[in-house]
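# Observations on the model geometry
Residue-level listing of the chains:
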Amino acid sequence: MLLLNVTLENFGAYRGRQSLDLTTRPGRPVILIGGLNGCGKTTLLDAIQLALYGARARTSGRGTRTYDDYLRESVNRQASPKHARVVVEFSTTVEGRERIYKVVRSWEVKGKSVREFLNVLIDGELDLVVSEQWADYVEDLLPLEASSLFFFDGEKIESLANPDRAASVIASAVQSLFGLSSVERLRNDLLAVQRRQKIPKEDREALDKIHQFENQIRECDQLRDEINQRVASMASRLEAAERRFATIDEAFAKEGGDLYARRAELEAERSQTASQLKSINEVLAGTIATGPLPLLLLAPQLSAVREQVERERDASEASQVIEVLSERDSKLLSLLRDLLPPDGLALAEKHLSADRQERVSVINKTPQVLDFPVESLSQLMSLDEILRQEATRARELIEQAQLYQERLSVLDRQLAGVPDHDVIAVLLQERDSQRDEVTRFGTELGKLKEELEATRRRREQLILDRERAYKGRAAKLAKVEDAERIVAYADKVRGTMEKFGAALLQRHINKLEVAVLKSFQYLMRKSALVRDLRIDTEKFTLTLVGPDDQELDPSRLSAGERQLLAVSLLWGLAKVAGNRLPTVIDTPLGRLDSRHREHLVDRYFPRASHQVLLLSTDEEIDEHLLSKLEPSIAHTYTLIHDDKTFTTSVEKGYWWSGGTVHVA
């Protein structure tokens with residue numbers, strides 16, 4: 001695994017987008033990043049772990065805060081909108097092929113909510129499946145438990161420098177790096193298989209379940225019989241109550257109770273009927289009688305007037321035609337004089353003269369008595385239709401008035417038969433009381449029937465459950481023999497795995513002892529101080545042996561020597577694990593004297609891993625140590641902090657590199 005690039009955007013003190021190229025070259029595995037205290041070195045280490053592990057990351061500044069609170073407070077204060085992102089790009093070999101991974105973890109803050117996004121690109125292509133399952137996927141690349149052995153700071157080294165506290169780190173590292181956790185997990189899985197195969201116990205549980213179902217069925221039967229009795233009793237009470245109500249209702253009806261109950265309804269109907277009758281009479285008297293309808297009394301006179309008007313019209317039209325006909329006849333005879341013989345001409349003249357005389361006689365027989373205007377004749381002719389319509393409307397209103405009058409009579413008779421309140425009050429109260437009792441009994445009977453139906457359904461379900469339990473027990477009994485064989489074989493495999501785990505542990509512990517001892521002797525300027533080193537396989541405690549073959553009390557080591565021992569332990573673990581993983585070290589030279597610092601710079605940093613990220617202050621790797629480390633450095637960066645804006649930016653170069661001094 002090789003880190004290629006780290007990008008921080010509005011993360012912690014890093015405002016805007018800050019990116020570091022982390023690629024290395026052959027023989028130059030070191031990336032040196034300088035920064036004064038408080039400039040963001042640890043924040044950079046946190047960003048790498050946060051991108052890879054998210055909520056599980058063991059970042060320095062989280063403490064007891066929730067993950068959402070940590071993300072919210074990790075956004076740069078001057079960022080707008082409140083959005084941050086960390087990107088880690090690395091290469092690793094998967095199934096014999098080098099793949100480029102780019103992990104992009106971003107989040108945004110809106111009010112009290114924090115939304116996080118994770119995208120994983122493999123060889124430049126977004127892989128949604130890996131993105132969704134990244135928490136499990138990254139464990140195959142770099143387990144979280146092992147990451148602390150490769151991403152560590154000065155405090156981690158201080159912790160390992162204490163032999164008592166180093167035991168837990170050694171145990172965790174051995175379990176996660178050397179495959180012992182997988183062996184233990186397999187043993188636990190086999191134990192779980194054994195527990196699942198304990199058929200006799202499960203058979204007892206199945207029998208208990210069957211007996212439980214049978215008891216519940218018997219309880220349902222008892223409850224069903226009890227409810228049936230209550231249903232029969234309630235049905236009898238309801239029937240008796242209904243008979244009593246029928247008797248009271250009949251007596252109530254004989255006393256005019258129905259009319260009494262309907263008195264308000266009858267009175268309202270009478271008032272409405274009387275109002276409607278009054279309205280019809282008003283229409284008949286005020287509209288129909290004052291209209292053209294009375295002219296029906298003069299029907300013969302109107303007919304005679306109409307005939308006289310028609311005759312006078314015909315006579316008037318005939319007088320207007322006489323002159324026109326005389327002129328026409330004269331022209332016609334003049335034309336026929338040349339066409340007809342004298343006899344034919346005389347006959348035609350006679351015919352035309354007779355026609356004119358007949359028309360004159362009509363005019364003479366019809367004196368102009370009325371002298372009715374011709375243009376008003378159409379109005380006189382339409383009067384019959386108007387009178388017919390008015391007569392029809394009048395008959396309909398009269399029929400409605402008769403119906404309303406008859407209904408009024410019926411209502412008056414009914415109202416007259418309504419008994420007084422004093423007469424009917426006792427029967428009314430008794431009738432209402434009995435009706436309430438019928439309703440109550442009916443409701444209770446309905447509830448009992450619902451309860452009976454629910455009990456029936458529950459009994460049927462219990463019977464089905466019992467049958468399934470019987471079948472399940474039969475199937476389990478058939479597997480007893482196989483289960484016993486599985487349990488026996490699982491015991492053998494668990495014993496074998498226990499022996500294998502112990503042998504594997506001893507093998508790796510022996511390798512680790514040798515690797516740590518060689519690393520420590522290589523780093524120490526007092527190479528003869530420690531002759532041997534042993535690690536207990538049960539407690540994982542570290543024991544040093546001096547040149548006199550006696551245990552060496554760690555208190556005899558200086559603080560710097562204990563720190564070198566911690567570095568040796570980490571270096572040895574990395575060697576034995578065999579994983580090609582980058583080593584990230586924050587403030588690595590805190591308590592070392594100048595000689596020990598030179599040993600680390602000369603002997604450890606260039607060889608700690610194929611890629612080593614050093615996060616150092618100017619007092620740790622100074623100008624002198626920089627000159628020694630220079631041949632192994634691939635890139636240098638300096639974290640520049642602005643005390644006015646409280647933000648950090650990344651610049652290329654290191655203090656004293658290239659003759660330039662970077663001042664924060």
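Everything quoted here is computed from the prediction, not taken from an experiment. (Residues numbered from 1 in each chain as written. Predicted model: local features only at pLDDT ≥ 70, side-chain atom pairs only at ≥ 80, totals over all residues. Heavy atoms only, no water.)

The helix and strand tally for the protein stands at 19 helices and 15 strands. By the burial criterion, 40% of the 664 residues in the protein qualify as buried. Taking the contacts inside the protein whose residues are at least 6 apart along the sequence as the reference set, 71% of them involve residues at least 24 apart. (Helix = DSSP H or I, 4+ residues; strand = E, 2+ residues; numbered from the N terminus. Buried < 20%, exposed > 50% of the residue type's maximum accessible area, 1.4 Å probe, protein only. Contact = heavy atoms within 4.5 Å.)

Attention now moves to the sheet that holds strand S10 (residues 542-545). Pairing in this open sheet of 3 strands is antiparallel, and the strands run S9-S10-S11 from one edge to the other. Edge positions in the sheet fall to strand S9 (532-535) and strand S11 (551-552), since each has one partner strand and no second. Of the strand pairs in this sheet, S9 and S10 are connected by 4 bridges, and their pairing is antiparallel. If you follow Ile535 over to S10, its bridge partner there is Leu542. (Pairing = 2+ DSSP bridges.)

With that settled, the discussion passes to a nonpolar patch on the surface. Taken together, Leu332, Leu335, Leu339 and Leu340 make up a surface patch of nonpolar side chains, about 370 Å² in accessible area. Checked against the element boundaries, Leu335 lands in helix H12 (residues 299-336). Exposure remark for Leu335: the relative accessible area of 53% places this residue in the exposed category. (Patch = residues over 30% accessible without salt bridge, like charges linked within 9 Å, V, L, I, M, F, W, Y side chains within 5 Å. Areas by Shrake-Rupley, 256 points an atom, 1.4 Å probe, with all protein chains shown as cover. Salt bridge = Lys/Arg side-chain N within 4 Å of Asp/Glu carboxyl O.)

Below, the discussion takes up helix H1 (residues 41-53). Helix length check: H1, at 13 residues, gives a terminal C-alpha distance of 19 Å against a target of 18 Å (1.5 Å per residue), a fit within 8%. Among the 13 residues of H1, 11 are classified as buried, and the element is accordingly described as predominantly covered. Following H1 by one or two positions, Gly54 has its phi on the positive side, about 60°. (Expected span 1.5 Å × (residues − 1).)

Another aspect to go through is the packing of aromatic side chains. A complete count under the given rule lists 9 aromatic pairs for this structure. Measuring from centroid to centroid gives 6.4 Å for Tyr101 and Trp134, while their planes differ by 45°, and the two rings are tilted. Pair noted here: Tyr101 is in strand S5 (residues 97-110) and Trp134 is in helix H4 (residues 134-141), with a separation of 33 residues, a long-range link. Taken as a pair, Tyr101 and Trp134 share a single burial class, namely buried. (Phe/Tyr/Trp six-rings, centres within 6.5 Å; stacked < 30°, edge-to-face > 60°.)

Before going further, it helps to examine the side chain of Ser519. Structurally, Ser519 can be placed in helix H16 (residues 480-523). The exposure class of Ser519 is buried, given its relative accessible area of 1%. Among the polar contacts listed, one links the side chain of Ser519 to the backbone oxygen of Ala515, at a separation of 2.8 Å. In contact with Ser519, not counting residues within four places along its chain, are Ser568, Trp571, Gly572 and Lys575. (Polar contact = N/O pair within 3.5 Å; in protein donor to acceptor, adjacent residues only side chain to side chain.)

With that settled, consider the environment of His624. In this fold, His624 is placed in helix H19 (residues 623-629). Distance in space between the C-alpha atoms of His624 and Glu598 is 9.3 Å, their sequence separation being 26 residues. Looking at His624, its side chain comes within polar contact range of the side chain of Glu598, at 2.9 Å.

In strand S12 (residues 583-586), alternate side chains face the same way, and those of Thr583 and Ile585 on one face and Val584 and Asp586 on the other are all buried. Looking at chain direction, S12 and strand S13 (residues 612-616) are connected through 4 bridges and run parallel. Looking at the pairing, Val584 lines up with Leu613 of S13.

Of all residues in the protein, 79% have pLDDT values of 70 or greater, and the mean over the chain is 80. Here residues 659-664 scores under 50 on pLDDT; set against residues more than four positions off or in separate chains, the count is 16 contacts. (pLDDT = per-residue confidence, 0-100.)

A word on the nonpolar core. Grouped burial of nonpolar side chains is what soluble globular proteins tend to show. Among the nonpolar cores identified, the biggest contains 53 residues, and Leu3, Phe90, Trp107 and Trp134 are the most heavily contacted of them. Broken down by element, the residue count for this core peaks at 8 residues, all from H1. (Core = buried A, V, L, I, M, F, W, Y, C linked by side-chain atoms within 4.5 Å.)

The subject of this paragraph is unusual backbone geometry. Following Ser80, the chain continues to Pro81 via a peptide bond in cis, the omega torsion being 5°. Secondary-structure assignment places Pro81 in the loop between helix H2 (67-74) and strand S4 (83-94). Within the chain, Phe646 stands out as a residue other than glycine whose phi angle is a positive 55°. As for its position among the elements, Phe646 is in the loop between strand S14 (633-642) and strand S15 (647-652). Accessibility expressed as a relative area gives 59% for Phe646, which makes it exposed.

Looking now at the pattern of salt bridges. Evaluation of the coordinates by the stated rule reveals 21 salt bridges. As a salt-bridge pair, Arg97 and Asp123 come within 3.7 Å of each other at their nearest N and O atoms. You can see Arg97 sitting in strand S5 and its partner Asp123 sitting in the loop between strand S6 (113-122) and strand S7 (125-126), a full 26 residues away along the chain. It is possible to trace a salt-bridge network through shared partners that takes in Asp221, Arg224, Asp225 and Arg459.

All right, on to the side chain of Lys41 then. The residue Lys41 is located in helix H1 in this model. Polar contacts involving the side chain of Lys41 include one to the main-chain carbonyl oxygen of Gly35, which spans 3.0 Å. Filtering out sequence-adjacent residues up to four positions away, Lys41 remains in contact with Tyr14, Gly35, Leu36, Asp586, Thr587, Leu615, Ser616, Thr617 and Leu639.

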